[in-house]
Amino acid sequence: QVQLVESGGGLVQAGGSLRLSCAVSGGTRSYYDMGWFRQAPGKEREFVAAMRVISGGTYYADSVKGRFTISRDNAKNTVYLQMNSLKPEDTAVYYCATLYLYSGSVYARSSYEKWGQGTQVTVSS
């Protein structure tokens, strides 16, 4: 059974940076395509970024493009989300997730199979 554990969240001032980590363990697949979502209070969980291993393709929500970068360290089975130029509207619980093996759109929540417990990111103005 695959397990995902996020870390790296915290409180930061606007304009600051944070790096989130998602450690992946267990499971039967040799690799997992991964994504990050976030959920602010009272709002739906929304797509942030995703990465496919084979193609190396990366995908970003328009709201974070140019500020956030998704990457991975295969040796550590860890996926990262580097967040720069943070804004108060980036405040949310951030979740990492694995894509289904034959998933459709990386932007759709329904394409994701396993989820981490989430890590809180708070950006003060």
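The paragraphs below set out a description of the structure included in this document. Every value quoted in this text rests on a predicted model; they were computed, and no experiment measured them.

**Considerations on the side chain of aspartate 90**
No. 1: Looking at the secondary structure, you find aspartate 90 in the loop between strand 8 (78–83) and strand 9 (92–99).
No. 2: By relative accessible area, which is 0% here, aspartate 90 ends up buried.
No. 3: From its side chain, aspartate 90 meets the backbone nitrogen of lysine 87 in a polar contact 2.8 Å long.
No. 4: Once residues lying within four places of it in the same chain are set aside, the contact partners of aspartate 90 are Arg38, Arg67, Phe68, Ser85, Val121 and Val123.

**Quick notes on the packing of aromatic side chains**
No. 1: Counted under the stated rule, the structure contains six aromatic pairs.
No. 2: Taking the centre distance of 5.9 Å and the plane angle of 50° together, the rings of tyrosine 112 and tryptophan 115 count as tilted.
No. 3: Judged by relative accessible area, tryptophan 115 falls into the partly exposed class, the value being 27%.
No. 4: One aromatic cluster is present, formed by Phe37, Phe47, Tyr59, Tyr107, Tyr112 and Trp115 through successive ring pairs.
No. 5: In this structure, arginine 45 packs its charged tip against the face of tyrosine 95, placed 3.7 Å from the ring centre.

**Things to note about the state of the cysteines**
No. 1: The full count for this structure, using the stated rule, is one disulfide.
No. 2: Here cysteine 22 connects covalently by a disulfide to cysteine 96, the sulfurs 2.0 Å from one another. One quick way to see it: the torsion about the S-S bond of cysteine 22 and cysteine 96 is about 60°, and its sign makes the bridge right-handed. Of this pair, cysteine 22 sits in strand 3 (residues 18–25) while cysteine 96 sits in strand 9, and the two are 74 residues apart along the sequence.
No. 3: With a relative accessible area of 0%, cysteine 22 lands in the buried category.
No. 4: On the accessibility criterion, cysteine 96 (0% relative accessible area) is buried.

**Digging into the sheet that holds strand 7 (residues 68–73)**
Strand pairs in the sheet, formed through backbone hydrogen bonds, run parallel or antiparallel to each other.
No. 1: An order of 1-3-8-7 is seen for the four strands of this open sheet, with the pairing classed as antiparallel. Edge strands, defined here as strands with exactly one partner in the open sheet, are strand 1 (3–7) and strand 7. Averaged over neighbouring strand pairs, the angle between their axes works out to 15° when direction is ignored.
No. 2: Summarising the sheet, strand 3 and strand 8 pair through six bridges and their orientation is antiparallel. Bridge pairing in strand 8 places serine 21 opposite tyrosine 80.

**Details of the layout of surface pockets**
No. 1: Approximately 210 Å³ is the volume found for the largest pocket.
No. 2: Lining the largest pocket are 14 residues, and of these Ser30, Tyr31, Tyr32, Arg72 and Asn77 lie nearest its centre.
No. 3: Counting residues per element, the ones that place at least two in the lining of the largest pocket are strand 3, strand 7 and strand 8.
No. 4: Considered class by class, the residues forming the lining of the largest pocket number five nonpolar, six polar and three charged.
No. 5: In this model, the second largest pocket occupies a volume close to 180 Å³.
No. 6: What lines the second largest pocket is a set of 13 residues, and nearest its centre among them are Arg38, Lys43, Glu46, Glu89 and Asp90.

How each quantity is defined
- Residues numbered from 1 in each chain as written.
- Predicted model: local features only at pLDDT ≥ 70, side-chain atom pairs only at ≥ 80, totals over all residues.
- Heavy atoms only, no water.
- Helix = DSSP H or I, 4+ residues; strand = E, 2+ residues; numbered from the N terminus.
- Buried < 20%, exposed > 50% of the residue type's maximum accessible area, 1.4 Å probe, protein only.
- Polar contact = N/O pair within 3.5 Å; in protein donor to acceptor, adjacent residues only side chain to side chain.
- Contact = heavy atoms within 4.5 Å.
- Phe/Tyr/Trp six-rings, centres within 6.5 Å; stacked < 30°, edge-to-face > 60°.
- Lys NZ or Arg CZ within 6 Å of the ring centre and 35° of its normal.
- Disulfide = S-S within 2.5 Å.
- Pairing = 2+ DSSP bridges.
- Axes fitted to C-alpha atoms, helices over the stretch in contact; angles between N-to-C directions.
- 1 Å grid on protein atoms, 1.4 Å probe; cavity = no way out; pocket = protein on both sides within 12 Å on 5 of 7 lines; lining within 4 Å.
- Points joined across faces, edges and corners; volume = space filled by probe spheres on them.
- Nonpolar A, V, L, I, M, F, W, Y, C, P; charged D, E, K, R; others polar.

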